[in-house]
Amino acid sequence: FYINRKTKLLRRRLMKNILIISSSPRKNGNTQILCEQFKKGAEEKGHNVNIIRIMDKNIGFCCACDTCMKNGGICILKDDMSFIIELFQKTDTLVLATPVYFEGISAQMKIFIDRMYPIWQNFGKKDIYYIVSAARGFNIIEKSIGDLDGFVEHFDNSKVVGRIYAANVMDAGLVKDQSVFDQAYNMGYSV
């Protein structure tokens, strides 16, 4: 009994809360598929994983009113973003996942980043992973991640500890036949 209880306590301490922000507009898109693989690996390792598909949420645009800076980080918009921020604040590991559109991150990811403004001074320390897919080559992916890097710069001593880049995957599901499919699972398992 004592050993089992001690083992359970140790597991709880090692278990991480992982939040995956998926900005893929396609439910079966390559970015979403890689998110699911990452989640599968992390859950099999014993971590608690939440995936937020931005497309499934009611999230408005930032109004740039700055009211959140005057009222303790509470946004005037009453939508799903307050729930996402709550999950974000409880997470140890953050996965930012986006397809590349016109050599940049998706609009959905940009909306998420903009709406994090109410707490930008208190992001905390997190391990961060990127999952990025693109219809063209790796150079397009490298061009596109400036917004992600700019967002991560506002975290406390955080860094990007893992990256999965899926290039040349225009059609939904193409990542299933590439090595990145297994890499996403392995990266999740290695958290």
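Residues numbered from 1 in each chain as written. Predicted model: local features only at pLDDT ≥ 70, side-chain atom pairs only at ≥ 80, totals over all residues. Heavy atoms only, no water.

1. A few points about the packing of aromatic side chains
Right, on to step 1. As enumerated under the stated definition, the model contains eight aromatic pairs in all.
Right, on to step 2. Here the aromatic rings of Phe 38 and Tyr 129 are separated by 5.3 Å at their centres, their planes lie at 65 degrees, and the arrangement is edge-to-face. Of the two residues, Phe 38 sits in helix α2 (residues 30–44) while Tyr 129 sits in strand β5 (residues 127–133), which places them 91 residues apart along the sequence. As far as burial versus exposure is concerned, Phe 38 and Tyr 129 are alike and both buried.
Right, on to step 3. With 5.9 Å between their ring centres and 80 degrees between their planes, Phe 112 and Phe 151 make a pair best called edge-to-face. With Phe 112 in helix α5 (residues 107–115) and Phe 151 in helix α7 (residues 146–152), this pair connects stretches of sequence that are 39 residues apart. (Phe/Tyr/Trp six-rings, centres within 6.5 Å; stacked < 30°, edge-to-face > 60°. Helix = DSSP H or I, 4+ residues; strand = E, 2+ residues; numbered from the N terminus. Buried < 20%, exposed > 50% of the residue type's maximum accessible area, 1.4 Å probe, protein only.)

2. Topic: the side chain of Ser 22
Right, on to step 1. Of note, Ser 22 is situated in strand β1 (residues 17–22).
Right, on to step 2. Ser 22 gets classed as buried once you look at its relative accessible area, which sits at 0%.

3. A look at helix α8 (residues 179–190)
Right, on to step 1. Look at α8: 16 Å from first C-alpha to last across 12 residues, which is about the 16 Å you get at 1.5 Å a residue.
Right, on to step 2. Within the sequence span of α8, burial applies to Val 180, Ala 184, Tyr 185, Met 187 and Gly 188. Seen end-on, α8 carries its buried residues on one side only, within an arc spanning 160 degrees.
Right, on to step 3. Looking at the buried side of α8, the elements it contacts are α2, β5 and β6 (159–166). (Expected span 1.5 Å × (residues − 1). Arc of directions from axis to C-beta. Contact = heavy atoms within 4.5 Å.)

4. Structural notes on α5
Right, on to step 1. Those residues of α5 not exposed but buried are Gln 108, Met 109, Ile 111, Phe 112, Ile 113 and Arg 115.
Right, on to step 2. Tucked into the core, α5 has its buried residues touching β1, α4 (81–89), β3 (93–101), β4 (104–105) and α7.

5. A word on the packing of α2 against α8
Right, on to step 1. Direction vectors running N to C along α2 and α8 enclose 35 degrees, while the axes themselves pass 6 Å from each other. Along this stretch, α2 crosses α8, giving a crossing that reads as right-handed. Here Ile 33, Leu 34, Gln 37, Phe 38, Lys 40, Gly 41, Ala 42 and Glu 44 of α2 come into contact with α8, specifically with Val 180, Phe 181, Ala 184, Tyr 185, Met 187, Gly 188 and Tyr 189. (Axes fitted to C-alpha atoms, helices over the stretch in contact; angles between N-to-C directions. Left-handed = near helix turned anticlockwise from the far one by under 90°.)

6. What to know about the nonpolar core
Right, on to step 1. Ile 21, Leu 96 and Phe 112 are the most contacted members of the largest nonpolar core, which totals 34 residues.
Right, on to step 2. Contributions of two or more residues to this core are made by β1, α4, β3, α5, β5, α6 (138–144) and α7.
Right, on to step 3. Residue contacts for Leu 96: discarding those within four places in its chain leaves Ile 21, Met 109, Phe 112, Ile 128, Tyr 129, Tyr 130, Ile 131, Leu 148, Phe 151 and Val 152.
Right, on to step 4. Leu 34, Phe 38, Ile 164 and Val 169 belong to the second largest nonpolar core, which has 20 residues in total. (Core = buried A, V, L, I, M, F, W, Y, C linked by side-chain atoms within 4.5 Å.)

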